[in-house]
Amino acid sequence: TYLHVKGLAFRHSNVSSYIQIGYAVEIGDYGLIEDCDVQWSDFGGLKIRQGTIARNCNIKNNGAVGIEVNGMQTTDPYDFEISHNRISGNNYRSFNPSWHAGGIKLTTNANGKVINNEINNNHGTGVWCDGCSSGQPIHVSGNYIHDNRTTYGGALLGEGVHIEISDHARVINNVIANYGVRG
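A brief structural summary.

## Re a nonpolar patch on the surface
Turning to step 1, where the next piece is worked out: A cluster of nonpolar residues, I163, V171 and I176, forms a patch on the protein surface that exposes about 210 Å² of accessible area.
Turning to step 2, where the next piece is worked out: Within the secondary structure layout, I176 lies in strand β22 (residues 175-177).

The structure is reproduced here in structure tokens:
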């Protein structure tokens, strides 16, 4: 809680040998991670929680997912912020993209902002809001979201932004490009 991490590089986490869903870096409530480079973890790159900001980081080449946000228990609008990051090349291990793979996965009552990021070439969905039903908004704006897709079981999967079982989502002023099925 209240941790500030700045200017560090994280590489080659093998956390899934210890726990089913693990991340190279986990920042607790009301933290700040900025100007960091998180790459080549075996499952997830970065996990953040309520009140946390992830800014100006490279989140690339992680086994399943770049960034996950979940576990919000707050009524504050715009509780987390993911801004000005470069999120690409995630899910190189080809986990099922219908489950938990791609650029950013927001779950379990997450509410906050995903703004001004470049989210591209992830093997799955760029930004996926799944179960974000806290009654508070999810705001996805100003992002350049492109070329997030993969094949799995012969099917072409992956979208730019996917809103599932979520309320109060605002998807505004993004550039969503290069999708063969749906943006």
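## Focus on the sheet that holds strand β8 (residues 58-60)
Turning to step 1, where the next piece is worked out: Sheet architecture is open: seven strands sit in the order β2-β5-β8-β11-β14-β17-β22, paired in parallel fashion. With one partner strand each, in any of the chains shown, β2 (9-11) and β22 form the two edges of the open sheet. Pairs of neighbouring strands in the sheet enclose a mean axial angle of 5°, with direction left out of account.

## As for the nonpolar core
Turning to step 1, where the next piece is worked out: I82 and L106 are the most contacted members of the largest nonpolar core, which has 29 residues in total.
Turning to step 2, where the next piece is worked out: Elements represented by at least two residues in this core include exactly β3 (23-27), β6 (44-48), β9 (65-69), β10 (80-83), β12 (102-107), β15 (125-130) and β16 (138-141).
Turning to step 3, where the next piece is worked out: Setting aside chain neighbours within four positions, we find I82 in contact with I48, A54, I67, V69, I87, I104, L106, K113, V114, I115 and N117.

## Here we look at the packing of aromatic side chains
Turning to step 1, where the next piece is worked out: The full count for this structure, using the stated rule, is six aromatic pairs.
Turning to step 2, where the next piece is worked out: Geometrically, the ring pair formed by Y2 and Y30 is stacked, given 5.5 Å between the ring centres and 20° between the ring planes. Taken together, the residues span a long stretch of sequence, with Y2 in the segment before β1 (4-6) and Y30 in the loop between β3 and β4 (32-34) at a distance of 28 residues.
Turning to step 3, where the next piece is worked out: By relative accessible area, which is 64% here, Y2 ends up exposed.
Turning to step 4, where the next piece is worked out: On the basis of relative accessible area, Y30 is assigned to the partly exposed category, the value being 33%.
Turning to step 5, where the next piece is worked out: Following the ring pairs from residue to residue traces out a cluster consisting of Y23, F43, F95 and W99.

Cut-offs and rules
- Residues numbered from 1 in each chain as written.
- Predicted model: local features only at pLDDT ≥ 70, side-chain atom pairs only at ≥ 80, totals over all residues.
- Heavy atoms only, no water.
- Patch = residues over 30% accessible without salt bridge, like charges linked within 9 Å, V, L, I, M, F, W, Y side chains within 5 Å.
- Areas by Shrake-Rupley, 256 points an atom, 1.4 Å probe, with all protein chains shown as cover.
- Salt bridge = Lys/Arg side-chain N within 4 Å of Asp/Glu carboxyl O.
- Helix = DSSP H or I, 4+ residues; strand = E, 2+ residues; numbered from the N terminus.
- Pairing = 2+ DSSP bridges.
- Axes fitted to C-alpha atoms, helices over the stretch in contact; angles between N-to-C directions.
- Core = buried A, V, L, I, M, F, W, Y, C linked by side-chain atoms within 4.5 Å.
- Buried < 20%, exposed > 50% of the residue type's maximum accessible area, 1.4 Å probe, protein only.
- Contact = heavy atoms within 4.5 Å.
- Phe/Tyr/Trp six-rings, centres within 6.5 Å; stacked < 30°, edge-to-face > 60°.

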